[in-house]
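Residues per chain, in single letters:
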Amino acid sequence: MTAVTTTAPRRPSRRGRFQGAALGMAAWLAGLLFVLPLLWMVLTSLHSEADAATNPPSLAASLTLDSYREFFGAGGGASPWPALINSTTASVVSTLLTLVLALPAAYALSIRPVRKWTDVMFFFLSTKMLPLVAGLLPIYLFAKNAGLLDNIWALVILYTAMNLPIAVWMMQSFLSEVPAAIIEAAQIDGARLPTILWRVVAPIALPGIAATALICFIFSWNELLFARVLTGVVAETAPVFLTGFITSQGLFLAKVCAASLVISLPVLAAGFAAQDKLVQGLSLGAVK
């Protein structure tokens, strides 16, 4: 009989433990620096306007929900619900349209690449290099002549066009990781292109699609410049409604912080709900 020798696992050295603890402390410090402005905004929103305007600010001031009540129209002000509904409509619908259009385009550029597909990808990316203000006047004149001013569907079309290049760019890298053998097997079974896209490719690339959808939703929800110029009362979005708290009478800091927190909640909730898909999507293809 031969004796089986086992070796005990190596314990990390003192230097390795110190480096691990230092990296952990650095990570916690970086996370605290990122979340500190959000925590400060939450604290300021719970103060009265007088306490929020003190310099230096008082941490021991009494807390109140008056800013949130006034934001939701308790004090006779404008209701934020139409603006929130407009932002939700523009962001969700434009994100769905972007995904529907970007998936076939990414399929053509990755799994079934066209000629000079790298030039096509550069063209898509180059459209994001144009400053937004450079296209403001032509888009305004087009919306005016088409009767689309103060129309939420104008923002839907605009956000779809703005997010489509980055969506195609992201999904092309995700779809390039789909095994070609699976697609060939589906073709042998008689599946057509729409079936391959929605029943074969989409489930495999779901983390990447979720990451793309989340980024498109965030870009659409946070967009202010075009929403400020192209909308008025009917199609006013949440960021435009937020700017109404900055008036000639002064800056109502507590109300602005309360409104900013409420308007940021949908994006924070979407990111928290899809964080696992976001991490999988952004790291898709990083490790072979």
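Fair warning: this is a prediction, and the values are worked out from it, not measured in the lab.

### Here's the deal with the overall build of the protein chain
Here is step 1: In terms of helices and strands, the protein chain carries 14 helices and 2 strands.
Here is step 2: Within the protein chain, buried positions represent 33% of all 288 residues.
Here is step 3: For the protein chain, restricting intrachain contacts to residue pairs at least 6 apart in sequence, the fraction spanning at least 24 positions comes to 77%.
Here is step 4: Surface accessibility of the protein chain: about 17,700 Å² in total, with carbon and sulfur atoms responsible for 69%.

### What to know about the packing of aromatic side chains
Here is step 1: The tally for this structure, following the rule as stated, stands at 4 aromatic pairs.
Here is step 2: Both rings, one in phenylalanine 71 and one in phenylalanine 72, keep their centres 5.0 Å apart while their planes meet at 75°; by these two values the pair is edge-to-face.
Here is step 3: For phenylalanine 71, a relative accessible area of 1% corresponds to the buried category.
Here is step 4: Geometrically, the ring pair formed by phenylalanine 71 and phenylalanine 241 is edge-to-face, given 5.9 Å between the ring centres and 75° between the ring planes. Of the two residues, phenylalanine 71 is situated in helix H3 (residues 66-71) and phenylalanine 241 in helix H12 (residues 238-243); the sequence distance between them amounts to 170 residues.
Here is step 5: Owing to a relative accessible area of 10%, phenylalanine 241 belongs among the buried residues under this scheme.

### Quick notes on the packing of helix H5 (residues 117-126) against helix H7 (residues 152-175)
Here is step 1: Running from amino to carboxyl end, H5 crosses H7 at an angle of 140°, the nearest separation of the two axes being 8 Å. Compared by their axis directions, H5 and H7 come out oblique. Of the two elements, H5 crosses H7, and the hand of that crossing is left-handed. Across the interface between the two elements, Trp117, Met121, Phe122, Phe124 and Leu125 from H5 touch Pro165, Val168, Trp169 and Gln172 from H7.
Here is step 2: Residue composition of the contact of H5 with H7, by class: 8 nonpolar, 1 polar and no charged.

### Regarding the side chain of serine 67
Here is step 1: Its location among the elements puts serine 67 in helix H3.
Here is step 2: Serine 67 gets classed as buried once you look at its relative accessible area, which sits at 5%.
Here is step 3: If near-sequence neighbours (up to four positions away) are discounted, serine 67 is found in contact with Ser45, His47, Ala254, Lys255 and Ala258.

### Things to note about the nonpolar core
Here is step 1: In terms of nonpolar packing, the biggest core is built from 28 residues, with Tyr107, Met171, Leu175 and Val201 touching the most fellow members.
Here is step 2: Sort the elements by how many residues they give to this core and H7 lands first, with 7 residues.
Here is step 3: If near-sequence neighbours (up to four positions away) are discounted, leucine 175 is found in contact with Leu103, Ala106, Tyr107, Ser110, Ile111, Val201 and Ala205.
Here is step 4: The next biggest cluster of nonpolar side chains, apart from the first, holds 18 residues, and it includes Tyr68, Phe71, Phe217 and Phe241.

### Re the pattern of salt bridges
Here is step 1: Tallying each qualifying case throughout the model produces 2 salt bridges.
Here is step 2: The salt bridge involving aspartate 66 is made with arginine 69; its shortest N-O contact spans 2.8 Å. With aspartate 66 and arginine 69 both in helix H3 and 3 residues apart, the pair spans about one turn of that helix.
Here is step 3: Residue aspartate 66 is classed as partly exposed on the basis of its relative accessible area, which comes to 39%.
Here is step 4: Across the pair lysine 255 and glutamate 70 runs a salt bridge whose closest N-O atoms are separated by 2.8 Å. With lysine 255 in helix H13 (residues 253-273) and glutamate 70 in helix H3, this residue pair connects regions lying 185 residues apart in the sequence.
Here is step 5: Classification of glutamate 70 as partly exposed rests on a relative accessible area of 35%.

### A short note on helix H10 (residues 206-222)
Here is step 1: In this model H10 runs 24 Å from its N-terminal to its C-terminal C-alpha over 17 residues, within 8% of the 24 Å that 1.5 Å per residue would give.
Here is step 2: The complete set of buried residues in H10 reads Pro207, Gly208, Ile209, Ala211, Thr212, Ala213, Leu214, Cys216, Phe217, Ser220 and Trp221.

### Points about unusual backbone geometry
Here is step 1: Of note in the backbone geometry, aspartate 150 takes a positive phi value of approximately 55° without being a glycine.
Here is step 2: Its place among the elements puts aspartate 150 in the loop between helix H6 (136-145) and H7.
Here is step 3: We classify aspartate 150 as partly exposed; its relative accessible area is 24%.

### What about helix H4 (residues 81-110)?
Here is step 1: Along its 30 residues, H4 runs 42 Å from first to last C-alpha, staying within 8% of the 44 Å computed at 1.5 Å per residue.
Here is step 2: Of all the bends in H4, the greatest reaches close to 25° and is centred on alanine 102; the proline proline 104 follows between one and four positions later.

### As for a nonpolar patch on the surface
Here is step 1: Side chains of Leu29, Leu32, Leu33, Val35, Leu36 and Leu39 sit close together on the surface and give an oily, nonpolar patch of about 540 Å² of accessible area.
Here is step 2: Here leucine 29 is to be found in helix H1 (residues 14-45).

Each value, and the rule that gives it
- Residues numbered from 1 in each chain as written.
- Predicted model: local features only at pLDDT ≥ 70, side-chain atom pairs only at ≥ 80, totals over all residues.
- Heavy atoms only, no water.
- Helix = DSSP H or I, 4+ residues; strand = E, 2+ residues; numbered from the N terminus.
- Buried < 20%, exposed > 50% of the residue type's maximum accessible area, 1.4 Å probe, protein only.
- Contact = heavy atoms within 4.5 Å.
- Areas by Shrake-Rupley, 256 points an atom, 1.4 Å probe, with all protein chains shown as cover.
- Phe/Tyr/Trp six-rings, centres within 6.5 Å; stacked < 30°, edge-to-face > 60°.
- Axes fitted to C-alpha atoms, helices over the stretch in contact; angles between N-to-C directions.
- Parallel < 35°, antiparallel > 145°, perpendicular 65-115°, else oblique.
- Left-handed = near helix turned anticlockwise from the far one by under 90°.
- Nonpolar A, V, L, I, M, F, W, Y, C, P; charged D, E, K, R; others polar.
- Core = buried A, V, L, I, M, F, W, Y, C linked by side-chain atoms within 4.5 Å.
- Salt bridge = Lys/Arg side-chain N within 4 Å of Asp/Glu carboxyl O.
- Expected span 1.5 Å × (residues − 1).
- Bend = angle between axes of the 7 residues up to and from the residue.
- Patch = residues over 30% accessible without salt bridge, like charges linked within 9 Å, V, L, I, M, F, W, Y side chains within 5 Å.

Function cannot be inferred from these measures alone, as they are strictly geometric.
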